[in-house]
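A look at the structure
Chain by chain, the residues:
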Amino acid sequence: MLLSNLVAKYPHLPNGLSLLRIGLIVPICLLTAINTPIAVWLAFLLFVIAALSDWADGWLARHYQLQSHLGQILDYTADKLLVVALLLVLTYVHSITAWSIAAAFLILLREVAIGGLREFLSKTEINLPSSPLGKQKTVVQFVALGLLILGNHGPALAMTRIFGELLLWLAAALTIVSGYEYIRAGWAHLVSSVRHKK
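Residues numbered from 1 in each chain as written. Predicted model: local features only at pLDDT ≥ 70, side-chain atom pairs only at ≥ 80, totals over all residues. Heavy atoms only, no water.

**Describing the nonpolar core**
- Of all hydrophobic cores here, the largest spans 34 residues; its most connected members are Ile 28, Phe 47, Leu 82, Leu 86, Leu 87, Ile 149 and Leu 168.
- Ranked by residue count, the leading element in this core is helix α6 (residues 132-150), at 8 residues.
- Excluding residues within four positions of it along the chain, Leu 86 makes contact with Ile 28, Cys 29, Thr 32, Phe 47, Leu 145 and Ile 149. (Core = buried A, V, L, I, M, F, W, Y, C linked by side-chain atoms within 4.5 Å. Buried < 20%, exposed > 50% of the residue type's maximum accessible area, 1.4 Å probe, protein only. Helix = DSSP H or I, 4+ residues; strand = E, 2+ residues; numbered from the N terminus. Contact = heavy atoms within 4.5 Å.)

**Focus on the packing of helix α4 (residues 69-92) against α6**
- Interaxial distance between α4 and α6 falls to 11 Å at its minimum, and their mutual angle equals 35°. Classified by chirality, the crossing of α6 by α4 is left-handed. In this structure, α4 contributes Asp 79, Lys 80, Leu 82, Val 83, Leu 86, Leu 87 and Leu 90 to the contact, and α6 contributes Lys 137, Gln 141, Phe 142, Leu 145, Leu 148 and Ile 149.
- For the contact of α4 with α6, the residue count by class is 9 nonpolar, 1 polar and 3 charged. (Axes fitted to C-alpha atoms, helices over the stretch in contact; angles between N-to-C directions. Left-handed = near helix turned anticlockwise from the far one by under 90°. Nonpolar A, V, L, I, M, F, W, Y, C, P; charged D, E, K, R; others polar.)

**Digging into the packing of helix α3 (residues 37-63) against α6**
- At a closest axis distance of 9 Å, the pairing of α3 and α6 adopts a crossing angle of 170°. It follows that α3 is roughly antiparallel to α6 by the angle criterion. As α3 packs across α6, the resulting crossing turns out to be left-handed. Within the contact between the two elements, α3 uses Val 40, Trp 41, Ala 43, Phe 44, Phe 47, Ala 51 and Asp 54 and α6 uses Thr 138, Phe 142, Leu 145, Gly 146, Ile 149 and Leu 150. (Parallel < 35°, antiparallel > 145°, perpendicular 65-115°, else oblique.)

**Some details on the pattern of salt bridges**
- Counted under the stated rule, the structure contains 8 salt bridges.
- Between Arg 21 and Asp 54 there is a salt bridge whose closest N-O contact spans 3.4 Å. Of this pair, Arg 21 sits in helix α2 (residues 13-34) while Asp 54 sits in helix α3, placing them 33 residues apart in sequence. When sorted by exposure, Arg 21 lands in the same class as Asp 54, which is buried.
- Between Asp 57 and Arg 21 there is a salt bridge, with its nearest N and O atoms 3.0 Å apart. Residue Asp 57 is found in helix α3, and its partner Arg 21 is found in helix α2; the two are separated by 36 residues along the sequence. The burial state of Asp 57 is the same as that of Arg 21; both residues are buried.
- Where salt bridges share partners, they join Arg 21, Asp 54, Asp 57, Asp 75 and Asp 79 into one cluster. (Salt bridge = Lys/Arg side-chain N within 4 Å of Asp/Glu carboxyl O.)

Shown next, in the form of structure tokens:
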């Protein structure tokens, strides 16, 4: 009841959560770059808040039927900015090392390619919804990034950096597969649109 009243009073709450996530990017990255135990744990805490906001804005929008084109753009942009910025910073502080840099590079390439595809299709009034695999990829990415933020400052027995890099490779694999699905779906929508115009 309290949540319903809050959403009724602030119908743009989901968009506000997406903007919060964008606003958290700079402090998360700065604290991660400082790379001291206290700074890293603060960055991890802020990252958890950002990740939960990603779930919350989507759930609120769907549950209370507050979906909008602006909301989709903000949610997508917030996720991609957070992921790309963190991949760069984590590489800088050597939480992502050696061959795992290739996994980060694959993820970056996919985000740029799919972002470009979405931008192109938006001009043709074609909307590509998020696929279940794409959502799973996002979850794996966020868990991997959270572990990598902690890096060598996490619990010793947890081997956070090692597990983070392994999950990053899993995220890269899901990234390639989901990226292929987006490209295939986008091409099918585009071909169908052209045929209808004829």
